[in-house]
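Notes for the structure review
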Amino acid sequence: MAAASVAGPAANVFPFRDFRAAPDPVLEAGPVAHGPLPVPLVLDNGSFQARAGWACPGPDPGPEPRLQFRAVCARGRGGARGGAGPQVGNALGSLEPLRWMLRSPFDRNVPVNLELQELLLDYSFQHLGVSSQGCVDHPIVLTEAVCNPLYSRQMMSELLFECYGIPKVAYGIDSLFSFYHNKPKNLTSSGLIISSGYQCTHILPILEGRLDAKNCKRINLGGSQAAGYLQRLLQLKYPGHLAAITLSRMEEILHEHSYIAEDYVEELQKWRCPDYYENNVHKMQLPFSSKLLGSTLTSEEKQERRQQQLRRLQELNARRREEKLQLDQERLDRLLYVQELLEDGQMDQFHKALIELNMDSPEELQSYIQKLSSAVEQAKQKILQAEVNLEVDVVDSKPETSPFQPWLCCRCCDEDVTPDLEQLEPSLEDVESINDFEPLFSEETPEVEKPVTTVQPVFNLAAYHQLFVGTERIRAPEIIFQPSLIGEEQAGIAETLQYILDRYPKDVQEMLVQNVFLTGGNMMYPGMKVRIEKELLEMRPFQSSFQVQLASNPVLDAWYGARDWALDHLEDSEVWITRKEYEEKGGEYFKEHCASNIYVPIRLPKQASRSSEAPASGKGSGASGGGAGE
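Worth saying up front: this structure is predicted, and the values here are computed from it rather than measured.

Our focus in this paragraph is the packing of helix 9 (residues 299–343) against helix 10 (residues 347–356). Contact pair helix 9 / helix 10: the axes reach a minimum separation of 8 Å and the direction vectors enclose 150°. Of the possible angle classes, the one that applies to helix 9 and helix 10 is roughly antiparallel. Handedness of the helix 9/helix 10 crossing: left-handed. In contact with R334, V338, L341 and L342 of helix 9, helix 10 contributes M347, Q349, F350, A353 and E356. For the contact of helix 9 with helix 10, the residue count by class is six nonpolar, one polar and two charged.

Below you can see the structure in the form of structure tokens.
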């Protein structure tokens, strides 16, 4: 995200980039992935963006993840009929035209639709050069949500082991992997992790290198809710540009033009000053066309445009004439078939066919056959005549009759096509077509060419298509500190942080605040670290110390940490779940490590043994027998 103080070109005017993703190339695994030991695949399965790459051993484990794409997919309408199949991630290009078709496997940050998750995994394996047909012979390190439900992990393990046949898998939390990547090696540390992503925000206490899951808290607000809030604000402010204010552009404003205010109320007071507003407002330029229709057209250009319009009308009439001829020919063949039934003496079938045609007698049938035959012959002659006279001469002089005379001529030609069997009133579609074609011929060509005059707009078109983003730059990201701004009855980051610290003794609180770690894409706003320090200063005792650290790369450090963890524990069987353990202990089973969740096995209710049930049933039968004897 760009800093808030960066000055923009042309008095803070910023054009929208409207980023369009390029399709990912299909990469080759390369010789490094086919060593003596299988190289682990690292998958950061985020709800906003998925990242995939190799954990290659050696002094240089490799640069950024080879694959980064949006965790969405869209199914084409013709996929079931042999058309385009589902498209995933960067293959979609621009998301806005397909926004209504986009599907995600996530419910907030938990994968729940495993069919869509399989599409994401297929896309990752295919573009990394891994054949997913048969089995994937690579260990997989996969990120999951904090306190991930057992059912979600069970379905994910079933997908990986049963569908892809992987040898082993390890699960970990993305924010803990980021914490693992940024801390010094071989150092067991404690701290507080504040992780804010696309769908939610987590505050995780770490004690002696392990997650304290009982005191973890989640706030159901993130970048998605901030983008939606900003969209509503700007649509209310600019109702004339509703369609242009899209979610993709709102995400661009959040990433590059928003910031966190150190003191929200004080910052709003600054924005009330006209000079401060003029210096800090960002004017987002929407795309527009400055060409005014009819303002700079010469008589030759108008003549050429009129000829093109007449050519299109002629092609349209010819196509309609052919379609009508085909339809009438089919009707005529049907009527001739019914007449053959009469000639062959098949009276039962003939009368049944007459009833279907809504006719009363053979004479009426013969009359319709004669009308259709003559109409078909006339239509064929019209088509032949239209093919000969393909070019239409355009009259430049002023018509003596109504300015709609050219349209009437075309309409009369069209009326010569086969008439319907029943005389119907003009339909609504015909009336609408008349209204569409009238402006094309209502212009009169002047006899003497007049000088071309450029019509100057009465207002600045560029300024009209600008969005002035002022206090919205701080109001949208502020929702994670004040959820009440969007009507959410939740605590913000500061209140949740205070609540978690109050659950520990004073000495543990002092230890936790010495290492407050910020990670996640929603923590990249300028001023976020300063705001967290201010909130801690207000809640901590007088003259107490604390330290806030921002991840070196809040977006990619989770993948880097998972890669480092995979290389450090490549041969450690205590942290990997093998296929044998999956088949023996179930899909919800996993092994704990420094970056994992806490394993809580499923506790089934104990059933009474049959030996204890037998005496009880004997006593019951004896008692009932005694009652019967009495």
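This part takes up the packing of aromatic side chains. Remark: the centre distance and the inter-plane angle together describe each pair of aromatic rings, the angle taken between the planes. Tallying each qualifying case throughout the model produces twelve aromatic pairs. Judged by centre distance (4.6 Å) and plane angle (45°), the rings of F48 and Y198 are tilted. Taken together, the positions of F48 in the loop between strand 2 (41–45) and strand 3 (49–54) and Y198 in the loop between strand 11 (191–196) and strand 12 (201–207) put the pair 150 residues apart, joining distant regions of the chain. Assessed through its relative accessible area of 22%, F48 is described here as partly exposed. Ring centres 6.0 Å apart and planes at 80° place the aromatic pair W271 and Y277 in the edge-to-face group. Its relative accessible area of 27% is what places Y277 among the partly exposed residues.

Locating E583 in the fold gives a position in helix 20 (residues 579–585). Measuring from C-alpha to C-alpha, the distance between E583 and E158 comes to 9.6 Å, with 425 residues separating the pair along the chain.

So, on to the sheet that holds strand 10 (residues 168–173). Spatial ordering of the open sheet is given by 4-3-2-9-10-19, a layout of six strands whose pairing is mixed. The open sheet has two free edges, formed respectively by strand 4 (67–70) and strand 19 (577–578), since each of these has just one partner strand. Strand direction decides the pairing type here: strand 9 (residues 140–144) and strand 10, joined by five bridges, are parallel. The partner of T143 across the bridge, within strand 10, is G172. Strand contacts of helix 3 (residues 150–163): strand 2, strand 9, strand 10 and strand 19, with the helix running at about 145° to strand 10, the strand carrying the most contacts. Helix-sheet contacts for helix 4 (residues 174–182) involve strand 2, strand 9 and strand 10, and the interaxial angle to strand 10 is about 85°.

Rules and cut-offs
Residues numbered from 1 in each chain as written. Predicted model: local features only at pLDDT ≥ 70, side-chain atom pairs only at ≥ 80, totals over all residues. Heavy atoms only, no water. Axes fitted to C-alpha atoms, helices over the stretch in contact; angles between N-to-C directions. Helix = DSSP H or I, 4+ residues; strand = E, 2+ residues; numbered from the N terminus. Parallel < 35°, antiparallel > 145°, perpendicular 65-115°, else oblique. Left-handed = near helix turned anticlockwise from the far one by under 90°. Contact = heavy atoms within 4.5 Å. Nonpolar A, V, L, I, M, F, W, Y, C, P; charged D, E, K, R; others polar. Phe/Tyr/Trp six-rings, centres within 6.5 Å; stacked < 30°, edge-to-face > 60°. Buried < 20%, exposed > 50% of the residue type's maximum accessible area, 1.4 Å probe, protein only. Pairing = 2+ DSSP bridges.

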